[in-house]
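The chain contents come next:
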Amino acid sequence: RRILAELQRDAAQSIEELAGKVNLSRNACWRRVKALEEEGVILGRVTLLNSEKLNLGLAAFIAVKTAQHDPKWLEKFAAVLAEFPEITGAYRTTGETDYLLQVVVPDMKGYDRLYKRIIARIPLSDVSSSFVMEKIKETTVLPLDQA
């Protein structure tokens with residue numbers, strides 16, 4: 001857990017730095033990191049970017065309802081969503097919404113272009129969007145003390 005906590009905080013640190021922070025030898029730390037990767041606990045290492053500085057300042061959540069719930073439609077839906085880099089998250093949910101999409105675009109015109117491209121590719125019953133006015137908390141860090 002200490003290794004995972006440190007890597008969540010900074011995945012770019014060297015194995016030597018990491019080993020020092022978790023009180024292990026370099027080799028023991030490297031072996032544990034490799035084992036965590038092989039077990040699928042560590043899925044990858046990424047760099048977090050500032051969306052505002054990259055002209056991707058509008059974040060939105062798109063609630064999707066569909067009248068179709070068969071596996072073939074879901075397979076097509078997932079394939080279509082995979083083609084849109086603006087969609088950074090896609091979730092099948094319970095309740096009144098069937099799917100919730102997380103998107104980032106430059107602005108409202110960018111959102112409108114994305115919306116039109118999505119509905120041109122796959123039939124949906126209802127689409128409603130909520131636009132993020134302020135990010136109060138946004139993290140990729142998992143609560144390891146509860147794992």
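Bear in mind the structure is a predicted one, so any value in this text is a computation, not a measurement.

Peer 1: Would you mind going over the overall build of the protein with me for this structure?
Peer 2: Assigned secondary structure in the protein consists of five helices and four strands. Starting at the N terminus and walking to the C terminus, you meet the elements of the protein as α-α-α-β-α-β-β-α-β. Since a compact globule built from 147 residues should have a radius of gyration of about 15 Å, the 20 Å found for the protein marks it as more spread out than a globular shape. Here the protein holds 147 residues, and the buried ones make up 29% of them. Contacts spanning at least 24 positions in sequence make up 61% of the contacts within the protein whose residues lie at least 6 apart. As displayed, the protein offers around 10500 Å² of accessible surface, 54% of which is attributable to carbon and sulfur atoms. Of the side-chain charges in the protein, 21 are positive and 20 negative, and the distance between the mean point of each set is 3 Å.

Peer 1: Teacher, can you tell me more about the side chain of Asp 98 here?
Peer 2: Topologically, Asp 98 is positioned in the loop between β2 (87-92) and β3 (99-105). Put simply, Asp 98 is tucked away with no salt bridge, and the nearest opposite charge, on Lys 65, sits 7.6 Å away. Once you skip the residues sitting within four places of it in the chain, Asp 98 turns out to touch Val 64, Lys 65, Thr 66, His 69, Tyr 91, Arg 92 and Thr 93.

About the cut-offs
Residues numbered from 1 in each chain as written. Predicted model: local features only at pLDDT ≥ 70, side-chain atom pairs only at ≥ 80, totals over all residues. Heavy atoms only, no water. Helix = DSSP H or I, 4+ residues; strand = E, 2+ residues; numbered from the N terminus. Rg over C-alpha atoms; globule rule 2.2 N^0.38 Å. Buried < 20%, exposed > 50% of the residue type's maximum accessible area, 1.4 Å probe, protein only. Contact = heavy atoms within 4.5 Å. Areas by Shrake-Rupley, 256 points an atom, 1.4 Å probe, with all protein chains shown as cover. Lys, Arg positive; Asp, Glu negative; His and termini not counted. Charge placed at Lys NZ, Arg CZ, Asp CG, Glu CD. Salt bridge = Lys/Arg side-chain N within 4 Å of Asp/Glu carboxyl O.

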